[in-house]
Amino acid sequence: ELDRFCDALISIREEIREIETGKADRKNNLLVHAPHTAAVVMSDKWDRPYDRERAAFPAPWVRQAKFWPTTSRVDNVYGDRNLITRLEDEPKAASA
């Protein structure tokens with residue numbers, strides 16, 4: 001598991017390097033649009049400068065155990081930096 005985490009960080013760094021060197025657009029790239037939902041990847045329209053396969057499967061092991069997020073980013077990076085949790089109230093015990 002730790003190896004996959006390290007591989008993911010290395011891959012993200014390489015995607016950043018593509019932006020730094022001008023290979024990828026600063027405002028329209030794999031990182032800006034991540035995570036890619038199933039609906040986005042499978043839609044008829046694809047207007048991104050990178051290919052769908054790279055968006056859907058950023059690492060080789062992902063093909064075997066893909067988790068499809070239901071939404072892309074919410075409020076851009078605000079939701080990434082400000083975690084909000086909601087705890088349900090405990091059900092009240094019935095009176096005897």
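Look a little higher up for the structure.
From a predicted model like this one, the values you see are computed outputs, not experimental measurements.

Student: When you look at the overall build of the chain in this model, what are you seeing that I'm missing?
Tutor: Along the backbone of the chain there are five helices and zero strands. Mapped in sequence order, the helices and strands of the chain form the string α-α-α-α-α. Put simply, of all contacts in the chain between residues at least 6 apart along the chain, 37% involve residues at least 24 apart. Split by element, the accessible area of the chain, about 8300 Å² in all, is 54% carbon and sulfur.

Student: How should the packing of aromatic side chains be read in this particular structure?
Tutor: How two aromatic rings sit relative to each other is set out by the distance from centre to centre and by the angle between their planes. Under the definition given, this model contains two aromatic pairs. Taking 5.8 Å as the distance between ring centres and 85 degrees as the angle between the ring planes, the aromatic pair formed by Trp46 and Tyr50 counts as edge-to-face. On the basis of relative accessible area, Tyr50 is assigned to the buried category, the value being 9%. When the ring of Phe57 is compared with that of Trp68, the centres are 6.4 Å apart and the planes differ by 70 degrees; the resulting orientation is edge-to-face. With Phe57 in the loop between helix H4 (52–56) and helix H5 (78–81) and Trp68 in the loop between H4 and H5, this residue pair connects regions lying 11 residues apart in the sequence. Note on Phe57: relative accessible area 25%, which makes it partly exposed. Over the ring of Trp46 we find Arg48, and its NZ or CZ is 5.5 Å from the ring centre. Residue placement shows Arg63 over the ring face of Phe57; its charged tip is 4.4 Å from the ring centre.

Analysis parameters
Residues numbered from 1 in each chain as written. Predicted model: local features only at pLDDT ≥ 70, side-chain atom pairs only at ≥ 80, totals over all residues. Heavy atoms only, no water. Helix = DSSP H or I, 4+ residues; strand = E, 2+ residues; numbered from the N terminus. Contact = heavy atoms within 4.5 Å. Areas by Shrake-Rupley, 256 points an atom, 1.4 Å probe, with all protein chains shown as cover. Phe/Tyr/Trp six-rings, centres within 6.5 Å; stacked < 30°, edge-to-face > 60°. Buried < 20%, exposed > 50% of the residue type's maximum accessible area, 1.4 Å probe, protein only. Lys NZ or Arg CZ within 6 Å of the ring centre and 35° of its normal.

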